[in-house]
Amino acid sequence: GDSVTQMEGPVTLSEEAFLTINCTYTATGYPSLFWYVQYPGEGLQLLLKATKADDKGSNKGFEATYRKETTSFHLEKGSVQVSDSAVYFCALSSDMRFGAGTRLTVKP
Amino acid sequence: DTEVTQTPKHLVMGMTNKKSLKCEQHMGHRAMYWYKQKAKKPPELMFVYSYEKLSINESVPSRFSPECPNSSLLNLHLHALQPEDSALYLCASSQVGDRDRADEKLFFGSGTQLSVL
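What counts, and where the lines are drawn
Residues numbered from 1 in each chain as written. Chains lettered and ligands numbered in written order. Predicted model: local features only at pLDDT ≥ 70, side-chain atom pairs only at ≥ 80, totals over all residues. Heavy atoms only, no water. Contact = heavy atoms within 4.5 Å. Buried area = accessible area lost by both parts, 1.4 Å probe. Salt bridge = Lys/Arg side-chain N within 4 Å of Asp/Glu carboxyl O. Polar contact = N/O pair within 3.5 Å; in protein donor to acceptor, adjacent residues only side chain to side chain. Helix = DSSP H or I, 4+ residues; strand = E, 2+ residues; numbered from the N terminus. Nonpolar A, V, L, I, M, F, W, Y, C, P; charged D, E, K, R; others polar. Disulfide = S-S within 2.5 Å.

1. Considering the interface of chain A and chain B
Contacts between the two partners involve 21 residues from chain A and, on the opposite side, 23 residues from chain B. For the pair chain A and chain B, the summed buried area comes to about 1600 Å², and 56% of that belongs to carbon and sulfur atoms. Contact with chain B buries surface across chain A, with Met96(A), Arg97(A) and Phe98(A) losing the most and accounting together for 34% of the total. The interface formed by chain A and chain B includes one salt bridge. Residue Glu58(B) is joined to Arg97(A) by a salt bridge in which the shortest nitrogen-to-oxygen separation is 2.6 Å. The tally of links between chain A and chain B comes to three residue pairs in polar contact (both at pLDDT 80 or more). Those elements giving two or more residues to the side of chain A that touches chain B turn out to be β5 (33–38) and β6 (44–50) of chain A. In terms of residue class, the side of chain A that touches chain B is built from eight nonpolar, eight polar and five charged.

So, in structure tokens, the structure goes:
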């Protein structure tokens, strides 16, 4: 069945560092791809999404490009802030399930 | 109103108790979900209601009993739980709940932190 594989981390970065969190997917059709973020003590919230190949989702300085040739949807941010510390989940629309999650800690 | 509201925020119960978790949304969404999340793990899908009918049950034990009284409300009835059922229970909603809809996104509540003693 359809699934996502996500680099688990944890990831610890200094403020203003570059962030990449890897996500690859397996799907028989053409699902949408999502990144959700979970801040401490909260539920998940949508960070960004892409609905077809070569689409780029972006929000709050985060970006991810739907790459069909490499079946990937890696999350990137050029300069992270302490407030970005959270757990990030990759997800497929067809599955309503989430990757393992990557805990990001940004230190001042 | 883009909120999914869950009550209570915290619940402690014994293994012989009966309790219920509640979830409410007023976004006109026709699909509602229950997820279970253990510490440092991703949410695990439990149930999906679409148009007030149970459409997905991920082989959840019968001690968890979902109910969708109307399109805005979702309950999870708990009975004879085990300590391993202690977790964060998350409710979510989406417009339709159709896996073939490419643009469906989930709106989550903040969850109920459940402890079973």
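From this point on, the discussion continues.
2. Things to note about the state of the cysteines
Residues and elements named next belong to chain A. Evaluated as defined, the whole model comprises two disulfides over all chains. Shown here is the disulfide that connects Cys23 with Cys90, its sulfur atoms set 1.9 Å apart. On the S-S bond that ties Cys23 to Cys90, the torsion sits near -70°, and the link is left-handed. Highlighted residues: Cys23 in strand β4 (residues 23–26) and Cys90 in strand β10 (residues 86–92), separated in sequence by 67 residues.

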